[in-house]
Amino acid sequence: MRVFVAGGTGVLGRRLVPQLVTRGHQVTATTTSAAKLDQLARLGADGVVMDGLDAASVGEAVADARPDAIVHQMTAISTTHAGKPDIKHPDRWFAITNRLRTEGTDHLLAAAEAIGVSQVVAQGYASWNGIREGGWVKTEQDPLDLLEGTAAHVGLKALRHVENVVLEAGGAVLRYGAFYGPGAVDDQVELVRKRQYPLVGRGSGYSSWVHLDDAASATVLAVEQKVRGVFNIVDDEPAPASEWLPHLAACAGAKRPRRIPVWLARMLAGDQAVVMMTEGRGFANAKAKRELGWQLRHPSWRQGFQEELA
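Residues numbered from 1 in each chain as written. Predicted model: local features only at pLDDT ≥ 70, side-chain atom pairs only at ≥ 80, totals over all residues. Heavy atoms only, no water.

## With respect to empty space enclosed by the protein
Gaps between atoms show up when a probe of the same size as a water molecule is rolled over them. We count it as follows: Points on a 1 Å grid, built from protein atoms alone, make a cavity when a 1.4 Å probe fits but cannot get out and make a pocket when they are open with protein on both sides within 12 Å along at least 5 of 7 lines; residues with an atom within 4 Å of a point are the lining residues. Grid points are joined across faces, edges and corners, and a volume is the space filled by probe spheres set on the points. Note on conventions: DSSP H or I runs of at least 4 residues are helices, E runs of at least 2 residues are strands, and numbering of each starts at the N terminus.
What the rule picks out here adds up to one cavity of 30 Å³ or more. Each pocket or cavity is described by its volume, and for the largest cavity that value is around 30 Å³. Forming the boundary of the largest cavity are Arg2, Val3, Gln26, Val27, Thr28, Ala65 and Pro67. Mapped by element, the contributors of at least two residues to the lining of the largest cavity are strand 1 (2-6) and strand 2 (26-31). The element contributing the most residues to the lining of the largest cavity is strand 2, with three residues.

## A short note on the sheet that holds strand 5 (residues 119-125)
So the rule is basically this: Pairing between strands requires that DSSP locate at least two bridges from one strand to the other. Here an axis means a line fitted to C-alpha atoms, over the contact stretch when the element is a helix, while the angle between two N-to-C directions is reported on a 0 to 180 degree scale. Every residue pair with non-hydrogen atoms within 4.5 Å of one another is taken to be in contact.
Pairing is parallel across the open sheet formed by seven strands, whose spatial order is 3-2-1-4-5-7-12. Each of the sheet's edge strands pairs with one partner strand only, and the pair in question is strand 3 (46-49) and strand 12 (229-233). Direction aside, neighbouring strands of the sheet carry axes that sit 20 degrees apart on average. Bridge count for strand 7 (residues 172-176) against strand 12 is five bridges, and the pairing is parallel. Along strand 12, the bridge assignment pairs Arg175 with Asn232. Against the sheet, helix 1 (residues 13-22) contacts strand 1, strand 2 and strand 4 (69-72), and its axis sits at roughly 165 degrees relative to strand 2.

## Some points on the packing of aromatic side chains
Quick reminder of the rule: Ring pairs shown here join Phe, Tyr and Trp side chains whose ring centres sit within 6.5 Å, with only the six-membered ring taken for Trp; geometry is labelled stacked below 30 degrees between planes, edge-to-face above 60, and tilted in between. We call a residue buried when its accessible area falls under 20% of the maximum for its residue type, exposed when it is over 50%, and partly exposed in between, using a 1.4 Å probe and counting protein chains only.
Here the structure, examined in full by the defined rule, presents nine aromatic pairs. Each ring, one from Trp93 and one from Phe94, has its centre 4.9 Å from the other, and the planes form 75 degrees; the classification is edge-to-face. Exposure class is identical for Trp93 and Phe94. Each is buried. Arranged with centres 5.2 Å apart and planes meeting at 85 degrees, the rings of Tyr180 and Phe305 form a pair that is edge-to-face. Placement of Tyr180 in strand 8 (residues 178-180) and of Phe305 in helix 14 (residues 301-309) is noted, with a sequence separation of 125 residues between them.

## Re the side chain of Thr28
For Thr28, the position within the fold is in strand 2. Classification of Thr28 as buried rests on a relative accessible area of 12%. Beyond its immediate chain neighbours, meaning those up to four positions away, Thr28 contacts Val3, Phe4, Val5, Asp46, Val48 and Ala65.

Structure (structure tokens):
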């Protein structure tokens, strides 16, 4: 297949492109910087500079590539694009990413429609943001939490936009768990080592994780099988912060994280951090395993963190 990867130099794109190439697909991958075209060439892709927020740029890049499938992995979360991580103000930190998930998604879908591409696979998110009702682990049938009234709402609403428009167009949305793997948790590990990533309250909120290579392999399967609908792409072990954060610290050779009360965390880090740490809901991966035939190389963050940080 000819596969167009929008966002080929991000942390997931860099793992996805080689997997697609290895399986015999012809890949065109985009970057916002001409300086990264050589990197894409080394990964085996035809690189193209594209501005995901410019409809003409997107339309031209897609038309020139003539793909059979489009994979939407455009974000702008790196410090180069978004500056220093700011969990207290995710609306500011994710401002460009939110636009890529709204305007950028619309541009890609318009470009796909213009040349008759029916297969679109887009990046979603499923780590701690399941609806805060009932059990601690959610399926694709459960709604996502939009945290209305908080600074996180605009970003979570942008993710809902991705799901709404891509599903309406007959595509697939892969709700990835929190990424770990090469380059994905460097900022978090640095904070953990400085003891600046504390547990909040009892740390009872659940999160789901996924290794970048597993996220990439699920994406390849979704493209090849031309699936539709929503899939949770997470590992086998959703877990509370009270388990995964101390383990991450231990694997990083850091001291055990401090514990702070909810009121202080809300003041210092904002509502999103408090919800994630105290009320977050993780996700189940049974549908992806069953319908995609997905097999994880890293079934649990427990072993995965050790392998990555050893």
